Structures are given as C-alpha cells and as structure tokens.
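Fold and geometry: a report
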Amino acid sequence: MKKVVIPLIAIVLIIGGFFVYKTLTKSKTEVLETAKVTKGNIQGVIVETGIIKPQVGAVVKIGARATGTIVKMNVKIGDRVKTGQLISIIDDREILKAIEQQKASLTAAENTLSQVELTYPDRIREAQATLDYAKINYERETELLKHEYTTKDSVDKARSLFEAADANLQRLQNESKTQVNIAKANIEDTTAQLKQQETRLTYTRIYSPINGLISDVTAQEGETIVAGLQVANLVTVLDPTLLEMWIYVDETDIGRVKVAQQVDYYVDTYPDKLFHGGIEKIYPQPVVKDNIVYYLATVKVSRDDAEFLKPEMTTHIKIAFAEKKDVLTVPNAAIKFETGKQVVYRVTAPDKVEKVEIQTGLRGEDATEVISGLRDGDMLATKLILPVSAKPETH
C-alpha cells in the first residue's frame, strides 16, 4: 500500500508545481494603465519637510530680579497680554523701608549743606573784619615806631595778631570749601543710593515687554523667589504672529535651493490649505540627523498665515527651483530604470508594448521632461505586467 501512495503524492506535487509555475510565469503582457506623451509646462520641485518655529524675539522669558514672595500673579497660561501690562507683583515692604531710610538720610545731608552754607560765610566775614583791623593796627604801630611813639614789642605784637588773623581767614575759607564739598558728596551718595532702591522697587513690578500670549507660568502666588546669579523665570510670553519655518534640506538638494525661491507648503491639520512663502536665509552650518547631512533654510511666515499655524507644527514643503514651458513631458510613473538606463514601454497595440530608451531633462513632481526617444502623442504604459523574463529592474 505504501508503494502505491508514494507515487501518487509525487504526481500530485508535480502537477501542483506545474500550475503554480504557470501562474507565476505568465507569458502574456498586460497593460493596466496608460498615459500620453504631451507638450506642456513643467516645474522642478524639491519635496522636503519642515517645522514651524517662533522668530527670534517672538518668545520672551520674563524673570524677576527682586527677591521676595509673589503677592500677586495676574496671568495664567493662554491669557493674552499687551506691552506694559502688569503681570506680577513681588513683596516690596523691605525695599520701601530702605527708601524711607534713604530719604531721611538725604534730608539730613541737605540740612548739613544748608547749615554749612549758612554759617561759614558769617564766620568768614568776622575773620575778614578781624584781619582788616589787625592790618590797620599793625600799619599804625609800624608808623608810630618810626617816630618813636611806640615800642618794638607793640609792633611785633600787632604783626603777630595780623598774621594770626590772616591765617584764620584762610583756614575758614578752605574749611568752608571742604565742608561744602563733603556735604554735597554726601547728598550725591545718598541720592544715588535712593535711586538704587527706587530701581530695586521697580523690580517688584513685572510687566510684559511684548504683545502676545502667556505660554508658560513657572511661579504662583505665595511662592518665594530668590534672585541670585541667574534671573528667576516667572512667565513666558509668545507672540503668535511672529513665526518662521525651518526647512531641513538634504545635502543632495541644497545646490538647487537659493534665497528668494518660491515655497509652497501645508500642515497636517489643514491638508487642503496651501501656504506660500520665499526662502529668506540658508545657514552655512550643516545639521547632522540620523547620519544624514542637512542644511537649514528659513521662510518667514506672514501674519495672515500665522493665524492658522502654531510652533512645532510639521510642514510638507515643495520648493520650486526651475521651470520650463512647452516641452515634451511624460508621467513619472511611466519611466522605469533598467540596467542603469531610463526606459519607457510604448504601447503599440492592445497588451503589446515596445521598450524605448529615453533621455530625460527636468524632473517635476508628477512629470518629467523628455529630451529624446519619444514623440508627442505616443501612448505609454504607466502600469503593466510583463513576462518574468522581460520584467524591468526597478529602482
């Protein structure tokens, strides 16, 4: 029995293998889809991906230079603020007390100056009068000595009094200037310290420097912040109208990307809405991601488009780098690559094709320029099934 079963199984396997082979090795060509060679305009485009980013200056992290407890936080995430709007208040009692002390010190310094300016002129006038009298007395004693109406001791005494009066006047004059300068210096120093405290007081009031939206709040009412070597961050304000797009251009395409080139793009959340812009900058420093070299190009987003876009959105981009008009074109799907050559299959009859080697020019998103090998009106197979022996090598 076993001898009969084994040959039967072998026969079944052979027959099955024959049918499978015939199924997998069709000898007939089948043309599934076709397209005509036509004349038209073609635009060379580079397809890339990008990301929406805030422009420089569009995101401002607002910090605090004052140390103290937050007594008022007027905003939360999502709030819209304007330039100069009060965002937060920090406890200012200590600074206010220091301002009072400096004001009192300033008043004392001003009073000292007033006292110096009031008293020293009188003392100088008195000293001047004493000097004048001593001078007259000395001159009189000297004249009397010539006629022997006085003694030399009297003359020496008069001269001594005159010299003492002169020295006293000069001392008072110098002392007056010194005391005035000291008093004025005290006023200047106290005024500077007062202004410093008043400046510190302004640090307790946090204002928004730009118009925008609150995108982050890192401190709340009742929390104590300590301003040290690094400014304590309180909130972040984002101007949603100041956006730009970063395009990571592959190193193989960067040679065809130039400043001012037209860029069309869309985002996943608005697949049917096309946005437009132009290349503004191309950064010379490469960016390496996953061992692939890219170069960063930027496109400024208009304020109208910024109403639909948000930071970190992924964009799908087409960069137009060349355009030709009234040239012979074929659909990209019709072009095949076989043994390193570009070929197409021209339809000569139903389910009959001939392979034609072509030379191409500008390649667009959907069609490619044909320089030689085809004529206007030729029918090409864009999708077909070939016998296994004739199946092209595709890349």
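Read on for a plain summary of the structure.

1. What about the environment of A185?
Secondary-structure assignment places A185 in helix α3 (residues 152–202). A185 sits in the partly exposed class, given a relative accessible area of 39%. With 72 residues separating them in the primary sequence, A185 and L113 have C-alpha atoms 9.8 Å apart.

2. Quick word on helix α2 (residues 93–146)
Under the 1.5 Å per step criterion, the end-to-end length of α2 is 79 Å for 54 residues, consistent within 8% with the ideal 80 Å. Just beyond α2, the residue with positive phi is E148, at close to 60 degrees.

3. Some points on the environment of A297
By the element assignment, A297 lies in strand β14 (residues 292–301). Taking the relative accessible area as the measure of exposure, A297 reaches 0% and is therefore buried. Between the C-alpha atom of A297 and that of I282, which follows or precedes it by 15 residues, the distance is 4.3 Å. In contact with A297, not counting residues within four places along its chain, are M245, W246, I247, V249, I279, K281 and I282.

4. Digging into α3
The first and last C-alpha atoms of α3 sit 75 Å apart over 51 residues, in line with the 75 Å expected at 1.5 Å per residue. Along α3, the residues that are buried comprise V155, A158, A165, L169, L172, S176, V180, A183, I187, T190, L194 and Q197. Residues of α3 that are buried in the fold lie against α2.

5. Some thoughts on the pairing of strand β4 (residues 68–73)
Taken together, the two bridges between β4 and strand β9 (residues 224–225) define a ladder with antiparallel strand orientation. Residue pairing in the sheet places T69 in a bridge with T224 of β9. In this sheet, strand β6 (residues 86–90) lies alongside β4 in antiparallel orientation, the contact comprising three bridges. Counted as the bridge partner of M73 is S88 from β6.

6. What to know about the sheet that holds β6
Taken together, the four strands give an open sheet; going across it, the order is β7-β6-β4-β9, and neighbouring strands pair in antiparallel fashion. Since the sheet does not close on itself, it has two edges, and those belong to β7 (205–207) and β9, each with one partner.

7. Comments concerning the packing of aromatic side chains
Counting across every chain of the model gives five aromatic pairs. Ring centres of Y138 and F162 lie 6.0 Å apart, and the angle between their planes is 5 degrees; this geometry places the pair in the stacked category. Taken together, the positions of Y138 in helix α2 and F162 in helix α3 put the pair 24 residues apart, joining distant regions of the chain. Relative to F275, the ring of Y265 lies with its centre 5.5 Å away and its plane at 25 degrees, an arrangement referred to as stacked. Placement of Y265 in strand β12 (residues 262–267) and of F275 in strand β13 (residues 270–289) is noted, with a sequence separation of ten residues between them.

Scoring rules and cut-offs
Residues numbered from 1 in each chain as written. Predicted model: local features only at pLDDT ≥ 70, side-chain atom pairs only at ≥ 80, totals over all residues. Heavy atoms only, no water. Helix = DSSP H or I, 4+ residues; strand = E, 2+ residues; numbered from the N terminus. Buried < 20%, exposed > 50% of the residue type's maximum accessible area, 1.4 Å probe, protein only. Expected span 1.5 Å × (residues − 1). Contact = heavy atoms within 4.5 Å. Pairing = 2+ DSSP bridges. Phe/Tyr/Trp six-rings, centres within 6.5 Å; stacked < 30°, edge-to-face > 60°.

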